[in-house]
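As a plain string of letters, each chain reads:
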Amino acid sequence: MAGRVSTPGATVVSRALSLLFAFDEQHRRLTLSELAARADLPLPTAHRLIGEMVTGGALSRQSDGQYVVARKLWTVGLLAPLPSGLRETAGPFLNDIHAATRATVHLAIREGIRTLYLERLTGRMSVPVVSTVGSYLPLHSTGVGKVLLAHAPVAIQEEAMTQLTRFTPHTITHPGRLEKQLVEIRERGYATTTEEMTLGACSVAVPIRPLGPDGPVVAAVGLVVPNLRSHRAALLAALQVAAQGIGRSITA
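Just so we're clear, the structure is a prediction, and the values are computed from it rather than from any experiment.

Definitions and limits used
- The numbers attached to residues start from 1 for each chain and follow its sequence in the written order.
- The predicted nature of this model means local features are confined to residues of pLDDT at least 70 and side-chain atom pairs, given and counted, to a pLDDT of 80 or more, with totals for whole chains, interfaces and linings taken over all residues.
- Working from all heavy atoms in the structure, the side-chain values ignore hydrogens and water.
- Only DSSP runs of H or I reaching four residues or more are called helices, and only runs of E reaching two or more are called strands; each is numbered from the N terminus.
- Residues are treated as being in contact if the distance between any of their heavy atoms lies within 4.5 Å.
- In this description, accessible areas are obtained by the Shrake-Rupley approach with a 1.4 Å probe, and a residue is regarded as covered only by the protein chains that are shown.
- Note on pairing: DSSP must find at least two bridges between two strands before they are called paired.
- Convention adopted: a line fitted to C-alpha atoms gives each axis, helices being fitted over their contacting stretch, and angles between N-to-C directions are expressed from 0 to 180 degrees.
- As defined here, a cavity is a set of points on a 1 Å grid over the protein atoms alone where a 1.4 Å probe fits but cannot get out. A pocket is an open set with protein on both sides within 12 Å along at least five of seven lines, and residues line them when an atom is within 4 Å of a point.
- Grid points are joined across faces, edges and corners, and a volume is the space filled by probe spheres set on the points.
- In this classification, the charged set is Asp, Glu, Lys and Arg, the nonpolar set is Ala, Val, Leu, Ile, Met, Phe, Trp, Tyr, Cys and Pro, and all remaining amino acids, among them Gly, are polar.
- Type-normalised accessible area, obtained with a 1.4 Å probe on protein chains alone, sets the label of each residue: buried when under 20%, exposed when over 50%, and partly exposed for intermediate values.
- By construction, the arc corresponds to the directions joining the helix axis to the C-beta atoms.
- Stacked, edge-to-face and tilted labels apply to pairs of Phe, Tyr and Trp rings (six-membered ring for Trp) whose centres lie within 6.5 Å, assigned for plane angles under 30 degrees, over 60, and everything in between, in that order.
- Any Lys NZ or Arg CZ found within 6 Å of a ring centre and within 35 degrees of that ring's normal is scored as a charge over the ring.
- Salt bridges are defined as contacts in which a side-chain nitrogen from Lys or Arg sits within 4 Å of a carboxyl oxygen from Asp or Glu.
- Within this scheme, the nonpolar core is defined by two criteria: the residues are buried Ala, Val, Leu, Ile, Met, Phe, Trp, Tyr or Cys, and they are joined through side-chain atoms within 4.5 Å.

A. Looking closely at the overall build of the protein. When helices and strands are counted, the protein shows nine helices and eight strands. On the principal axes, the C-alpha backbone points of the protein span a range of 60 × 40 × 35 Å. In the protein, 56% of the contacts between residues at least 6 apart in sequence involve partners at least 24 apart. For the protein, the accessible surface area stands at approximately 13000 Å², while carbon and sulfur atoms represent 56% of it.

Have a look at this one:
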């Protein structure tokens, strides 16, 4: 929820922002009433502001009457600076992995207790993938997310352990079991998942460290494939080479 902006003294800008922030991963399409409720605004105020935002290109009204974030606003959002130009720096390395493996490639960073996907290159293999560029997913259920969680501050790990949502029968939702996995990830240098986010999709991911093997983890790069039984070693080797190259390029 966006917060209590219907109180006296709230500015027009804060009210408009509350409407934008009413959208999230679970609420991509909202009716006027839903927007007003989530933004904590009177219906007439919400209606007026939404009308202006549609005219200005920030929101779009669908044929069914629901509202969505407009493409123009998404374009503006892409202008936000990423850490050290990470997406642009990683691009050539991600393309190399994609060409070599034909798998779906992910580049992600951590924001709070969520994984933010900076890039996704879709593979040719038929694998169900729910991520999109700019989307958020929980840390505990994906390969890149587990890498980021394993190297996150203790406070972040503890908070994430309280929100272990189950997405499939294979999602790890027991804190003790997940903590054991995080230790293993730190020791071996990579993470894997087996149908923990979506059925039919497995992943392997490694950390990106600008300052070498003992430096801080700033991001993760991963691959999504139907299974890891036969090609895990080759996929992992490709990821490790790419991660090292990205890390060196960030500090160059």
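Read on, since the account is not over.
B. Representation of the sheet that holds strand β5 (residues 136-138) within the structure. The strand order β5-β4-β3-β8-β7-β6 describes an open sheet built from six strands, whose pairing is antiparallel. Across the chains shown, the open sheet's two edge strands, defined by having one partner strand only, are β5 and β6 (191-194). If you compare each strand with its neighbour and ignore which way they point, the axes differ by 30° on average. As judged from the seven bridges shared by strand β7 (residues 202-208) and strand β8 (residues 219-225), these two strands associate in the antiparallel manner. What sits directly across from V204, in β8, is L223.

C. Layout of empty space enclosed by the protein. The full count for this structure, using the stated rule, is one cavity of 30 Å³ or more. A volume near 180 Å³ is recorded for the largest cavity. Along its surface, the largest cavity is lined by 24 residues, and H106, T142, M197, S203 and V224 are the ones closest to its centre. A total of four residues in the lining of the largest cavity trace back to one element, the largest contributor, which is β7. Counted by class, the lining of the largest cavity contains 13 nonpolar, nine polar and two charged residues.

D. Looking closely at unusual backbone geometry. Although it is not a glycine, D40 adopts a positive phi angle of roughly 60°. Although it is not a glycine, R102 adopts a positive phi angle of roughly 60°. Positionally, R102 belongs in the loop between α5 (86-101) and β3 (104-111). Judged by its relative accessible area of 33%, R102 is partly exposed.

E. Molecular detail of the pairing of β3. With six of eight residues buried, β3 is to be regarded as a mostly interior element. Two strands pair when backbone bridges link them, and β3 and β8 are joined in this way by five bridges, in the antiparallel orientation. Across the sheet, H106 pairs through a bridge with G222, a residue of β8. Bridge count between β3 and strand β4 (residues 114-121): seven bridges; the pairing is antiparallel. Opposite A108, over in β4, you have Y117 as the bridge partner.

F. View of helix α7 (residues 154-161). Turning to α7, its buried residues number three or more, namely I156, Q157, A160 and M161. An end-on view of α7 places all buried positions within 135° of arc, on one side of the element. In α7, those exposed residues whose orientation departs by more than 90 degrees from the buried face are V154, A155 and E158. The secondary structure elements touched by the buried residues of α7 are β3, α6 (143-150) and α8 (175-188).

G. Spatial organisation of the packing of aromatic side chains. Following the criterion strictly, the structure yields zero aromatic pairs and no others. Here R114 stacks its cationic end above the ring of Y136, 3.7 Å away from the centre of that ring.

H. Inspection of the pattern of salt bridges at higher detail. For the coordinates displayed, the defined rule picks out four salt bridges. When the shortest N-O distance is used, the salt bridge between R29 and D64 registers 2.9 Å. Of the two residues, R29 is situated in the loop between α1 (12-20) and α2 (32-39) and D64 in the loop between β1 (59-61) and β2 (67-69); the sequence distance between them amounts to 35 residues. Among the residues examined, R29 registers a relative accessible area of 39% and is labelled partly exposed.

I. View of the nonpolar core. Of all hydrophobic cores here, the largest spans 28 residues; its most connected members are L86, L94, L107, V204, I208, V221 and L223. Elements that contribute at least two residues to this core include exactly α5, β3, β4, β7, β8 and α9 (232-251). With seven residues, the top contributor of residues to this core is α9.

J. Structural detail: the pairing of β7. Counted residue by residue, β7 has seven buried out of seven residues, so it is predominantly covered. Bridge count for β6 against β7 is four bridges, and the pairing is antiparallel. Directly across from T193, in β7, lies its bridge partner S203.

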